Amino acid sequence: MYILKEKIAFPPVEEASPEGFLAIGGDLSPERLLLAYKSGIFPWFSDDEPIVWWSPDPRMVLFPDDLKVSKSMKQLLRRETFTVTYNKAFKEVIRACAFIERPGQDGTWITSDMEEAYIKLHELGYAISVEVWQDEQLVGGVYGIDLGHIFCGESMFAKVSNASKYGFIHLVERLKKNGCQLIDCQMHTNHLASLGAYEVSREVFLSYL
């Protein structure tokens, strides 16, 4: 087990456990977080745990050209069912991601320290948010880290059906126009798989970083 100290550094990701566990400790400073994402590492832990760093193998990713949009979603997009904005309500999006109820999940991994750390990254221009509105109410959103050629998705939420998918599709199309090569989805979920994401080896993922 690697225990991180004050020095901003990580062990080689090849040293991660089969589950992807790499190290504990350190801090959530912008410098450490940016180094982590650029190295294929991300934090994931609960309130009662120390900071835990992960680099899973395989890695769930979405190549923008592989985005799948269902017929029903295409209809919603044509109707402009929702309004989409960017970076207008970052704090509200991350807070909603933290507190939205999710089936099979007890509590949140977006702790107050995590929230504060990503708000700092947003203020520095690295963390971005997508907001989905209906009748001037925030009903969905996505946030993550924009490294330019790669977007590292962190979390999304929806208060009404299809709101998070709607925002995610808009985001992928925008990232594609801006030259993004890959969206890092971290871990497998059926929700992401339905949108075209799939698992690749950590080695392949790191080659894009």
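Just above, that's the structure.
As a convention, each chain's residues are numbered from 1 in the sequence order in which they are written. For this predicted model, a pLDDT threshold of at least 70 governs which residues receive local features, and a threshold of 80 or more governs which side-chain atom pairs are given and counted, while totals over whole chains, interfaces and linings are taken from all residues. To get the side-chain values, all heavy atoms of the structure are used, and hydrogens and water are removed first.

A. Layout of the packing of helix α3 (residues 90–99) against helix α4 (residues 112–123). Throughout, an axis means a line fitted to C-alpha atoms (over the contacting stretch in the case of helices), and angles, computed between N-to-C directions, take values from 0 to 180 degrees. Runs of H or I in DSSP of at least four residues are treated as helices and runs of E of at least two as strands, each being numbered from the N terminus. For the pair α3 and α4, the least separation of the axes is 10 Å and the interaxial angle reads 150°. One finds that α3 runs roughly antiparallel with respect to α4. Of the two elements, α3 crosses α4, and the hand of that crossing is right-handed. For the pair α3 and α4, the contacting residues are Phe-90, Lys-91, Ile-94 and Arg-95 in the first and Met-114, Glu-115, Tyr-118, Ile-119 and His-122 in the second. Oblique is the label for any angle not under 35 degrees, not over 145, and not in the 65 to 115 range, which are roughly parallel, roughly antiparallel and roughly perpendicular in turn. In this scheme the crossing of two helices becomes right-handed for a clockwise turn of the near helix relative to the far one and left-handed for an anticlockwise turn of less than a right angle. In this analysis, two residues are considered to be in contact whenever any of their non-hydrogen atoms come within 4.5 Å of each other.

B. Examining the pattern of salt bridges more closely. By definition, a salt bridge exists where a carboxyl oxygen of Asp or Glu is found within 4 Å of a side-chain nitrogen of Lys or Arg. What the rule picks out here adds up to 4 salt bridges. Between Asp-65 and Lys-176 there is a salt bridge; the shortest N-O distance is 2.7 Å. On the criterion of sequence distance, the pair formed by Asp-65 in the loop between β5 (59–62) and α2 (71–79) and Lys-176 in helix α5 (residues 163–177) is long-range, its members being 111 residues apart. Remark: exposure states derive from per-residue accessible area (1.4 Å probe, protein chains only) relative to the maximum for the residue type, with buried under 20%, exposed over 50%, and partly exposed in between. On the basis of relative accessible area, Asp-65 is assigned to the exposed category, the value being 62%. Here Lys-176 falls in the partly exposed class, since its relative accessible area comes to 45%. Notably, a salt bridge pairs Glu-115 with Arg-95, separated by 2.9 Å at the nearest N-O pair. Taken as a pair, Glu-115 in helix α4 and Arg-95 in helix α3 lie far apart in primary sequence, 20 residues in all. For Glu-115, a relative accessible area of 11% translates into the label buried.

C. Here's a closer look at the sheet that holds strand β3 (residues 42–43). By definition, two strands form a pair when at least two bridges between them are found by DSSP. Taking strand neighbours across the sheet as the criterion, the 4 strands line up as β1-β2-β4-β3 in an open arrangement whose pairing is mixed. Of all strands in the sheet, those with a lone pairing partner are β1 (2–4) and β3, marking the two edges. Both strand β2 (residues 21–25) and strand β4 (residues 52–54) contribute to a ladder of 3 bridges, which runs antiparallel. Following the sheet pairing, Ile-24 is matched in β4 by Val-52.

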